[in-house]
Amino acid sequence: MSVFAVEYVYAVGSEATRDEHRPKHREFLAGLGANGDGPSMIASGPYVDGSGALLLISSPTQAALAETLANDPFAIHGAIAVLRITEWSPVTGELAHHA
């Protein structure tokens, strides 16, 4: 499994959409890794300025992760304007064991 840094940039004017779908979005993210063979959540949270969020997810491949994230309620309902997925190697610190 590789670790990926995922950046969501929220669509302009999507506040109401995010508010409406936030419970299902968080449920979706919390369920990542529940079946043991796909992408698994390491950490996630929104940027304080409300512009987007950062997610750290382990996944067998970037393609598998992108396919999974397409099912995020925020993606389905158009709250995400930009999705950026970058493979990341946590070399030191509390997350280093994921490398």
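Residues numbered from 1 in each chain as written. Predicted model: local features only at pLDDT ≥ 70, side-chain atom pairs only at ≥ 80, totals over all residues. Heavy atoms only, no water.

Some points on the overall build of the protein chain
On a plain count of helices and strands, the protein chain comes out with 3 helices and 4 strands. From first element to last, N terminus to C terminus, the protein chain shows the α and β order β-α-β-β-α-α-β. Taken against the 2.2 N^0.38 rule, which gives 13 Å for 99 residues, the C-alpha radius of gyration of the protein chain at 13 Å falls within 12% of a compact globule. By principal-axis analysis of the C-alpha atoms, the protein chain measures approximately 35 × 30 × 20 Å. Every one of the 99 residues in the protein chain was classed for burial, and the buried ones make up 33%. (Helix = DSSP H or I, 4+ residues; strand = E, 2+ residues; numbered from the N terminus. Rg over C-alpha atoms; globule rule 2.2 N^0.38 Å. Buried < 20%, exposed > 50% of the residue type's maximum accessible area, 1.4 Å probe, protein only.)

Looking at the sheet that holds strand β1 (residues 2–10)
The strand order across the open sheet formed by 4 strands is β2-β3-β1-β4, and the pairing between neighbours is antiparallel. Only two strands of the sheet have a single neighbouring strand rather than two, namely β2 (40–46) and β4 (80–88). This sheet shows a mean twist of 15° between the axes of neighbouring strands, independent of strand direction. As judged from the 8 bridges shared by β1 and β4, these two strands associate in the antiparallel manner. Directly across from Phe4, in β4, lies its bridge partner Glu87. (Pairing = 2+ DSSP bridges. Axes fitted to C-alpha atoms, helices over the stretch in contact; angles between N-to-C directions.)

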